[in-house]
Number of protein chains: 2
Amino acid sequence: MIQPHDGSTKDPLSRLVFELSKLPGIGEKTATRLAYHILKQEASFAEGIAQALLLAKKSTILCNICCNFTETDPCRICADRDRDRSVVCVVERPNDQHSIELSGKFKGLYHVLHGALAPLDGIGPDELKLRELMKRLQNEQTPIEEIILATNPSVEGEATALYISRLLKPFGVRISQLAYGIPMGGQLEFTDRQTIGKAMENRMEIR
Amino acid sequence: MIQPHDGSTKDPLSRLVFELSKLPGIGEKTATRLAYHILKQEASFAEGIAQALLLAKKSTILCNICCNFTETDPCRICADRDRDRSVVCVVERPNDQHSIELSGKFKGLYHVLHGALAPLDGIGPDELKLRELMKRLQNEQTPIEEIILATNPSVEGEATALYISRLLKPFGVRISQLAYGIPMGGQLEFTDRQTIGKAMENRMEIR
């Protein structure tokens with residue numbers, strides 16, 4: 001345990017710490033805490049995680065329609081005949097798709113870009129699943145009437161939404177965006193200026 | 001992805017999320033983020049973590065002297081003839097031992113209790129590695145002169161230190177405790193009352 005945790009050593013504990021600290025948001029300190037926790041449990045605990053990791057990675061592919069992670073192609077949502085095929089919600093990441101799905105308010109299909117435009121990080125239009133989105137719009141069997149751009153309200157997300165909205169204009173499809181405003185359960189006092197500004201700008205008439 | 005992440009389903013992604021969220025400090029939301037990150041990487045990424053998990057759990061045992069996790073018995077520190085065998089630093093958890101070792105200020109041996117007294121959680125003296133500590137004191141080949149109780153400055157840690165100090169009194173060994181005070185690099189303004197109180201109580205004369 002006196003060696004540095006850099007994975008170059010043969011010590012299994014250091015190697016586990018090194019591997020765990022590759023995960024996003026997990027630094028060496030958290031990784032060390034997790035590793036000791038894992039060692040303290042029954043062997044089945046570590047085995048359960050290891051098997052789930054291998055199985056998930058092995059059996060997960062990208063849906064050829066929406067580009068989301070799936071173990072069947074097309075994915076469960078794209079294959080679901082009860083969903084509204086005329087609306088497609090475009091999201092940056094699978095996590096975003098998951099969050100929208102949990103809201104229960106959307107019954108259309110999704111499209112996962114796997115990122116947002118970030119020229120400084122070398123992520124241009126070709127790095128996103130935009131060609132796949134265009135292909136869906138060109139497919140005449142299931143005409144798409146509306147594209148909801150549900151990118152994040154960040155600089156990259158906004159830029160991506162703007163880029164896509166221009167790209168899709170020639171298709172004559174309706175393009176919309178999620179509403180920005182005060183979060184539910186939030187308090188005005190603790191809401192940032194930009195959000196209050198957006199909420200003011202997008203205020204809605206009470207009928 | 002519309003199923004709840006409870007592991008009862010056969011969906012590999014949900015199972016991975018379920019397994020990861022068993023880790024301490026990792027809720028379903030973080031687990032979902034980690035899982036999507038893992039899926040986005042090369043297969044070798046998931047395999048690296050899985051192998052490290054299995055290897056660490058398989059090859060790690062408890063040192064028969066200090067009760068720390070180790071892959072050799074006795075562990076590297078207990079086997080090191082250059083260390084001062086007359087001083088033993090008692091810690092709650094392997095993580096604590098690791099932190100003290102990183103400070104570079106201690107050249108004696110350790111003893112890992114694997115917990116602290118917490119009667120409400122069913123952790124009494126028998127759940128800690130106290131019998132092993134007594135055995136070390138009784139071993140006349142390597143007489144121990146000082147026991148440093150480096151338990152955490154929490155209610156449980158303090159109670160454990162007090163319990164051990166009484167338990168070891170008959171052995172006539174010197175028993176000490178880590179100094180409590182203002183943390184290095186800390187600011188008085190942001191230091192809690194208890195810590196300032198301790199620092200005041202334990203103030204040291206400048207010579």
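All values derive from a computational prediction rather than experimental measurement. (Residues numbered from 1 in each chain as written. Chains lettered and ligands numbered in written order. Predicted model: local features only at pLDDT ≥ 70, side-chain atom pairs only at ≥ 80, totals over all residues. Heavy atoms only, no water.)

**Some details on the side chain of Asp 96 of chain B**
For the record, the criterion: Secondary structure elements follow DSSP: runs of H or I of four or more residues count as helices, runs of E of two or more count as strands, with numbering from the N terminus. Relative accessibility decides the category of a residue: with a 1.4 Å probe and only protein chains considered, values under 20% of the type maximum give buried, values over 50% give exposed, and everything between is partly exposed. His is not counted, nor are the chain ends; Lys and Arg add positive charge and Asp and Glu add negative charge. Salt bridge, as used here, is a side-chain nitrogen of Lys or Arg placed within 4 Å of a carboxyl oxygen of Asp or Glu.
With respect to the helices and strands, the residue Asp 96 of chain B is situated in helix α5 (residues 94-103). One buried charge, Asp 96 of chain B, has no salt-bridge partner; the nearest side chain with opposite charge is Arg 93 of chain B, at 4.7 Å.

**Examining the pairing of strand β6 (residues 174-177) of chain A**
Convention followed: A pair of strands is labelled paired if DSSP reports no fewer than 2 bridges between them.
Where strand β5 (residues 146-149) of chain A lies against β6 of chain A, four bridges are found, and the strand directions are parallel. Looking across to β6 of chain A, one finds that Glu 146 of chain A is bridged to Arg 174 of chain A.

**Some remarks on the packing of helix α3 (residues 43-59) of chain A against helix α3 (residues 43-59) of chain B**
Filter applied, for reference: Helix axes use the C-alpha atoms of the stretch in contact, all axes being lines fitted to C-alpha atoms, and the angles between their N-to-C directions lie in the range 0 to 180 degrees. Here roughly perpendicular refers to angles of 65 to 115 degrees, roughly parallel to angles under 35, roughly antiparallel to angles over 145, and oblique to all remaining angles. Two helices cross in a left-handed way if the nearer one is turned anticlockwise from the farther one by less than a right angle. They cross in a right-handed way if the turn is clockwise. Whether two residues are in contact is decided by their heavy atoms: any pair within 4.5 Å suffices. Throughout this entry, Asp, Glu, Lys and Arg are counted as charged residues, while Ala, Val, Leu, Ile, Met, Phe, Trp, Tyr, Cys and Pro are counted as nonpolar. The remaining residues, Gly among them, count as polar.
Orientation of α3 of chain A relative to α3 of chain B, taken along the N-to-C sense of each, is 165°, at an axis distance of 9 Å. In terms of orientation, α3 of chain A lies roughly antiparallel with respect to α3 of chain B. Here α3 of chain A and α3 of chain B pass one another in a crossing that is left-handed. Seen from α3 of chain A, the contacting residues are Ala 43, Ala 46, Glu 47, Ile 49, Ala 50, Leu 53, Leu 54 and Lys 57 of chain A; seen from α3 of chain B, they are Ala 43, Ala 46, Glu 47, Ile 49, Ala 50, Leu 53, Leu 54 and Lys 57 of chain B. Across the contact of α3 of chain A with α3 of chain B, the residue classes break down as 12 nonpolar, no polar and four charged.

**Section: the domain arrangement of chain A**
Counted only if it meets this: Residue ranges labeled as domains rest on an automatic or database domain assignment.
For chain A, the assigned domains read domain 1 (12-59) and domain 2 (78-205). Domain 1 of chain A and domain 2 of chain A are separated by 34 Å when their C-alpha centres are compared.

**Quick look at unusual backbone geometry**
Residues and elements named next belong to chain A. Cis geometry marks the peptide bond from Asp 73 to Pro 74, where omega comes out at 0°. By the element assignment, Pro 74 lies in the loop between β2 (69-70) and α4 (76-79). We note that Cys 67 has phi near 70°; this positive angle belongs to a residue other than glycine. At His 114, a residue that is not glycine, the phi angle is positive and equals roughly 60°. When you line up the elements, His 114 lands in the loop between β4 (108-112) and α6 (130-138).

**Section: the packing of α6 of chain A against helix α7 (residues 155-168) of chain A**
Residue and element names in this part refer to chain A. The contact between α6 and α7 brings their axes to 12 Å, and the two run at 35°. In terms of crossing hand, the pair formed by α6 and α7 is right-handed. When α6 is examined against α7, the residues Leu 130, Leu 133, Met 134 and Leu 137 are found in contact with a partner set consisting of Tyr 163, Ile 164, Leu 167 and Leu 168.

**Quick look at the nonpolar core**
For clarity, the cut-off: To form a nonpolar core, buried Ala, Val, Leu, Ile, Met, Phe, Trp, Tyr and Cys residues must be joined to one another through side-chain atoms within 4.5 Å.
Counting 40 residues, the largest nonpolar core has Leu 20, Leu 23 and Leu 53 of chain A together with Leu 20, Leu 23 and Leu 53 of chain B as the members making the most contacts within it. Among the elements of the structure, α1 (12-20), α2 (28-40) and α3 of chain A together with α1 (12-20), α2 (28-40) and α3 of chain B are those that each provide at least two residues to this core.

**Here we look at the interface of chain A and chain B**
Let me state the cut-off plainly: Using a 1.4 Å probe, buried area is obtained as the accessible area two parts lose upon being combined, added over both of them. Throughout this description, a polar contact denotes any pair of N or O atoms lying within 3.5 Å of each other; where both atoms belong to protein, one of them has to be capable of donating a hydrogen while the other can accept it, and for residues adjacent in sequence the pair is counted only when both atoms sit in side chains.
Taken together, the 51 residues of chain A in the interface contact 51 residues of chain B. Summed over both sides, the interface of chain A with chain B buries roughly 5300 Å², with 70% coming from carbon and sulfur. For the pair chain A and chain B, the number of links is two salt bridges. With a shortest N-O distance of 3.7 Å, Arg 76 of chain A and Asp 11 of chain B are connected by a salt bridge. Applying the counting criterion to the chain A and chain B interface returns five residue pairs in polar contact (both at pLDDT 80 or more). Of all the secondary-structure elements, those providing two or more residues to the side of chain A that touches chain B are α1, α2, α3 and α5 (94-103) of chain A. Broken down by element, the residue count for the side of chain A that touches chain B peaks at 15 residues, all from α3 of chain A.

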